[in-house]
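The lines below spell out each chain.
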Amino acid sequence: MRALSIALTGALLASAPAAAQTVQEQALLHRLAGEIRPERMRADIEAMVGFGTRHTMSETASDTRGIGAARRWAQGRFEAISRDCGGCLTVATPSDTVTSPRIPTPTEVVDIVAIQRGTGDPNRVIIISGHIDSRVSDVMNFTDDAPGANDDASGVAAVLEAARVLSGHSFDATLVYAALSGEEQGLFGGKILADYARARGWRVEANLNNDIVGNSEGQSGVRDTTRVRVFSEGTKTVETEAQEERRRYNGGEVDSSSRNLARFIDGIADRYLANFDVDLIYRTDRYGRGGDQVEMLRAGFPAVRISEGAENYDRQHQDLRVEDGVHYGDTIDGVDFDYLGQVARLNIVAMAALANAPASPLGVTIEGAVKPDTTVKWQAVPGAAGYRVWWRSTTAPQWTHSRWAGSATELTLPGIVIDDWFFGVSAVSDDGYESPVVFPGPAGSFVSVGDPAPRAAR
């Protein structure tokens, strides 16, 4: 049987497209990285800061101040980008009227969402998001100026820059650009986006939530322009009790779809960005804090939080003031636009790579108990020229070994003992774009059990 497996692997390698057999550099991704314009993001942040406050409960009727003016401005920016690409974006404004401890009176919370429909697999959706609302020290203070230059006009500027750059190209999957509201009052914008996606049956393969991504000088005064943090959950928020029991016994604590999405983004930085590295943070978010990706996780979607490597807390959630010579407040002079440009490059290249790759494999399973070999099986996905089986030591942070499987939907690894390694599968297009690696079973699946059947994104 082992001889047959080795012979089969050799035959598959011989017949596979050359571009798919090894991890490929993609000229388009290098080109996209060169299209980022930090000065364009500066203009966007200046415009958002110019609305004075963007607090969720602030003015909505004015055209110059408050959250209403800011939302209409963001909608106008998406519409202008759509005109430039011949109407390639559909702009929507999903909303909900909410009350909560931080919103004591019924208030409409509105997201601004631009949808770039995929040309080959439009049911599969890649989302980039940031929140447009802002706050000062008192989360209930909706009248004082709250510039929110870095938290989170920087994230929204990255979203708009992604829309500007990527809308000039076509992709297999659907891309969604989202400026969310209500984050500071309880992650309401993230929930509205998650509900919107579920109602449309989107297969959300990735949500890249950018929150506080423009500062490079930490609290200590040390400047670090070379790294960004990507936070990802280890076990799924939506894991059932039965799935938890299986995962605790067989592993998967560090292999959720979100964690392998984060590893994918790390690989993108290594290959396509100069002097810029991803720090993989094995947490859903910063300690005791949260972002809109949390609501996407609660809906069962793979999601990560992208945040600057060195935060300055004097510039977050602060009244504008000077005390003992220290300047407090989230003003635009605290944004490093070259650094923000690097973060935007990472997002844009990752989105393009995900959107051109096939869907992540479904139904991944492994077999090999009390055997000297391990067999990995999966279901075929549209657009895949073939598949790559990956494995790594159970203590390794990244996938280290791989074998090409061709167009088959199972592969036996002779002499690779199931007990000693973690395994996964990625799908590869005929031009070499590769999906994130999928860990076997519900612990690693990119589609949650019980999700509605996908329909075309719209």
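The structure displayed is predicted, hence computed values, not measured ones.

> Describe the overall build of the chain, naming the residues involved and giving the relevant values.
Along the chain, the regular secondary structure elements total 11 helices and 18 strands. For 458 residues, the compact-globule estimate of 2.2 N^0.38 gives 23 Å, and the C-alpha radius of gyration of the chain, at 22 Å, lies within 12% of that figure. Dimensions of the chain, computed from the C-alpha atoms along their principal axes, are close to 75 × 45 × 40 Å. By the burial criterion, 59% of the 458 residues in the chain qualify as buried. Carbon and sulfur atoms form 50% of the exposed surface of the chain, whose accessible area is close to 17,500 Å².

> Now, about the sheet that holds strand 16 (residues 401-406): what can you tell me, with residues and values included?
The strand order across the open sheet built from 3 strands is 16-15-18, with neighbouring strands paired in antiparallel fashion. Of all strands in the sheet, those bounded by a partner on one side alone are strand 16 and strand 18 (421-428). Geometrically, the sheet is characterised by an average inter-axis angle of 20 degrees between neighbouring strands, direction not taken into account.

> Lay out the pairing of strand 18 in plain terms, naming residues and giving numbers.
By the criterion of burial, strand 18 is predominantly enclosed, with 7 of the 8 residues buried. Pairing between strand 15 (residues 386-393) and strand 18: 8 bridges, direction antiparallel. Within strand 18, the position partnered with Ser393 by the bridge is Trp421.

> Could you give an account of the layout of surface pockets, with specific residues and numbers?
Counted as a void, the largest pocket has a volume near 450 Å³. Asn250, Gly251, Ile366, Ile418 and Phe439 are the residues nearest the centre of the largest pocket, which is lined by 24 residues in total. If one sorts the elements of the lining of the largest pocket by residue count, helix 8 (residues 241-250) sits on top with 5 residues. Taken together, the residues of the lining of the largest pocket break down into 12 nonpolar, 7 polar and 5 charged.

> Describe the nonpolar core, and please don't skip the residues or the numbers.
Among the nonpolar cores identified, the biggest contains 72 residues, and Leu32, Ile45, Leu166, Tyr177, Leu208, Ile265 and Met351 are the most heavily contacted of them. Looking at this core, the element that brings in the most residues is helix 11 (residues 337-356), giving 14 residues. Residues in contact with Ile265, not counting those within four places in the same chain, are Leu208, Val230, Val278, Val304, Leu346 and Ala350. Val125, Val176, Leu180 and Met296 belong to the second-largest nonpolar core, a separate cluster that totals 19 residues.

> Just give me the short version of the environment of Val139, but keep the residues and values in it.
Along the polypeptide, Val139 turns up in the loop between strand 5 (121-131) and helix 6 (149-166). The buried category is assigned to Val139, whose relative accessible area is 10%. As for Val139 and Glu184, which are separated by 45 residues in sequence, their C-alpha atoms are 7.4 Å apart. Ignoring any residue separated from it by four or fewer positions in sequence, one finds Val139 in contact with His55, Arg102, Glu184 and Gln185.

Definitions and limits used
- Residues numbered from 1 in each chain as written.
- Predicted model: local features only at pLDDT ≥ 70, side-chain atom pairs only at ≥ 80, totals over all residues.
- Heavy atoms only, no water.
- Helix = DSSP H or I, 4+ residues; strand = E, 2+ residues; numbered from the N terminus.
- Rg over C-alpha atoms; globule rule 2.2 N^0.38 Å.
- Buried < 20%, exposed > 50% of the residue type's maximum accessible area, 1.4 Å probe, protein only.
- Areas by Shrake-Rupley, 256 points an atom, 1.4 Å probe, with all protein chains shown as cover.
- Pairing = 2+ DSSP bridges.
- Axes fitted to C-alpha atoms, helices over the stretch in contact; angles between N-to-C directions.
- 1 Å grid on protein atoms, 1.4 Å probe; cavity = no way out; pocket = protein on both sides within 12 Å on 5 of 7 lines; lining within 4 Å.
- Points joined across faces, edges and corners; volume = space filled by probe spheres on them.
- Nonpolar A, V, L, I, M, F, W, Y, C, P; charged D, E, K, R; others polar.
- Core = buried A, V, L, I, M, F, W, Y, C linked by side-chain atoms within 4.5 Å.
- Contact = heavy atoms within 4.5 Å.

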